[in-house]
Amino acid sequence: MRIIHLPVLACLLLPVLTYASDTLTVQQCRDLAVKNSPLQAKKLYAETISALQISNLRSNSLPHINIGAQATWQSDVFGLPIESPLFKIPVVPKDQYKLSVDVGQRIWDGGSDRYLRRQRELESAMTAAQVEVDVFALREIVTDLYFKVLLLQESEQILLLSATDLRNRLKQAEAQITEGVALRTSADQVKIQILRTEQQLDGLGADKQALLSILASWVGTAVVPRPIRTDSVQVASYQELDRPRSRPEYQLFALQQRGFQLNKDALQLRTQPRVDAFVQGGVGRPNPFNFFETGFQPFVLLGLRAAWTPFDWGNRSRDAQVLDIQMKNVEAQQLNFEQRLDAGTQKDRYEMDKMRSALVQDQAIIRLQEDIVRRAEAQLQNGVMTTTEYLTQVDVLTQARLQRITHLVQATQAWEMLVARMGGE
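Everything in this summary refers to the structure shown in the same document. (Residues numbered from 1 in each chain as written. Predicted model: local features only at pLDDT ≥ 70, side-chain atom pairs only at ≥ 80, totals over all residues. Heavy atoms only, no water.)

What to know about the nonpolar core
Core analysis: the largest hydrophobic core is formed by 25 residues, its most contacted members being C29, Y146 and F147. Sorting the residues of this core by element identifies α2 (26-35), α4 (112-179), α5 (184-219) and α8 (387-422) as the ones contributing at least two each. Residue contributions to this core peak at 10 residues, all from α4. If you look at the next biggest cluster of nonpolar residues, it comprises 18 residues, including L166, A173, M385 and A400. (Core = buried A, V, L, I, M, F, W, Y, C linked by side-chain atoms within 4.5 Å. Buried < 20%, exposed > 50% of the residue type's maximum accessible area, 1.4 Å probe, protein only. Helix = DSSP H or I, 4+ residues; strand = E, 2+ residues; numbered from the N terminus.)

This is the structure in structure tokens:
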């Protein structure tokens, strides 16, 4: 055995010893990944934007005040082509000045602000729903990474156990060589097998640390505790998922439909009249309402304004048809989503059932191979079997155990991927 390999094994075992009491389940990893996603900030931004826009809409009901100033010179002005000895006819100046304040107050807007507020609130809700859809994809990513780490971890434990058995066998071979009942070749063959096992452990350890680092970047913690062991994972029945789906895509589809329906309802605003009250006051030279007052004179104008478009030549009807088609398009997208979701869940269920059947066979294979190894060990001690033949049987047992743990992890992963797709916990 290489002495230099001990620190490597210590590094591999350190996370297990350090975080044995603080394991993370796959659901905890999924929750942390969703919680720590930078996309979550988009919800706050959308809420803030919506609040500011709604505040702007509320200000529409307040008076609007505009201050205007104007100074002009014109080449000709209005004048009377007569002269009177009784009074002096004022001459309108060619340089004219005007300073005014306009105040407008909306009386009736046809309900447009009410619809605009609902649209802003709906846009904020749709942004939040889109964020939920985007971060939901992290559940499958994290689940896949989690079980890759889990498989490496459990494979590592099996290889460590195999290495321990081989070292015990090496001690026996060394003792037999000392007693002169065995050749040095038998011990060297065991050493080669130990080195191969250690080489596998080195590769597994490097892969596991790399995947843990990637998982940590999604989960948002500096160090990710070791995943829960497979012997404590219960593979439940998928009948437990026969309940209403909670995928965020359904909420997004519903909000999109509401948005198109709201736009369709808002089409009636085009035929609603708008009524405003206004007042304008200021000072001008000449008085803009009386050109005979050629000096700086105050003036006031007040009244009501109304606008109405009773005919739109069928535009509203055609726009309503467009919105109906867009709503049908959302329905088609939802059907396509459900089709893909059903295909994915069927694949997971098939994989889970297949792995469960394989696990039953794995147990039978391991039991038979353990009996073969026990008999081979006895034959080796009696000189009936060579060391190479014995190590071959030991390797077959190790591979059978690795195969079983692979099937167990794959069965559990298929269940958890099914849970992640269906939005369960």
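Points about the layout of surface pockets
The gaps of empty space that remain are located by a probe, the size of a water molecule, rolled over the atoms. Taken as a whole, the largest pocket holds about 300 Å³ of empty space. In terms of lining, the largest pocket is formed by 15 residues, of which the most central are D165, V373, Y390, V394 and L397. Elements with a contribution of two residues or more to the lining of the largest pocket: α4, α7 (315-381) and α8. Examining the composition of the lining of the largest pocket, we find that 6 residues originate from one element, α4, more than from any other. Of the residues belonging to the lining of the largest pocket, the class tally is 5 nonpolar, 4 polar and 6 charged. (1 Å grid on protein atoms, 1.4 Å probe; cavity = no way out; pocket = protein on both sides within 12 Å on 5 of 7 lines; lining within 4 Å. Points joined across faces, edges and corners; volume = space filled by probe spheres on them. Nonpolar A, V, L, I, M, F, W, Y, C, P; charged D, E, K, R; others polar.)

Let's talk about the sheet that holds strand β4 (residues 297-307)
If you trace the 4 strands from one edge of the open sheet to the other, you get β1-β2-β3-β4, paired in antiparallel fashion. For this open sheet the edge positions go to β1 (64-73) and β4, each flanked by a neighbour on one side alone. Taken over all neighbouring pairs, the strand axes of this sheet differ in orientation by 20° on average, direction set aside. Strand direction decides the pairing type here: strand β3 (residues 274-285) and β4, joined by 11 bridges, are antiparallel. Each residue of the ladder has a partner; that of Q280, found in β4, is L301. (Pairing = 2+ DSSP bridges. Axes fitted to C-alpha atoms, helices over the stretch in contact; angles between N-to-C directions.)

Quick notes on the packing of aromatic side chains
Scanning all chains against the criterion turns up 5 aromatic pairs. Relative to F337, the ring of Y250 has its centre 5.6 Å away and its plane inclined at 75°; by these criteria the two rings are edge-to-face. With Y250 in helix α6 (residues 248-265) and F337 in helix α7, this pair connects stretches of sequence that are 87 residues apart. For the pair formed by Y250 and F337, the shared burial category is buried. A cation sits over an aromatic face here: R169 above Y390, 5.9 Å from the ring centre. (Phe/Tyr/Trp six-rings, centres within 6.5 Å; stacked < 30°, edge-to-face > 60°. Lys NZ or Arg CZ within 6 Å of the ring centre and 35° of its normal.)

Focus: α7
The first and last C-alpha atoms of α7 sit 96 Å apart over 67 residues, in line with the 99 Å expected at 1.5 Å per residue. At the exit of α7 stands G383, carrying a positive phi of roughly 80°. (Expected span 1.5 Å × (residues − 1).)

Remarks on a nonpolar patch on the surface
A cluster of nonpolar side chains, F78, L80, I82, F291 and F292, forms an exposed patch at the surface whose accessible area comes to about 500 Å². Among the structural elements, F291 can be located in the loop between β3 and β4. Judged by relative accessible area, F291 falls into the partly exposed class, the value being 37%. (Patch = residues over 30% accessible without salt bridge, like charges linked within 9 Å, V, L, I, M, F, W, Y side chains within 5 Å. Areas by Shrake-Rupley, 256 points an atom, 1.4 Å probe, with all protein chains shown as cover. Salt bridge = Lys/Arg side-chain N within 4 Å of Asp/Glu carboxyl O.)

A short note on the pattern of salt bridges
As enumerated under the stated definition, the model contains 19 salt bridges in all. When the shortest N-O distance is used, the salt bridge between D95 and R285 registers 3.0 Å. Of this pair, D95 sits in strand β2 (residues 95-108) while R285 sits in strand β3; the two residues are 190 residues apart in sequence, bridging distant segments of the chain. Classification of R285 by relative accessible area gives partly exposed; the value is 21%.

Interpretation note: all reported values are geometric properties and have no functional meaning in isolation.
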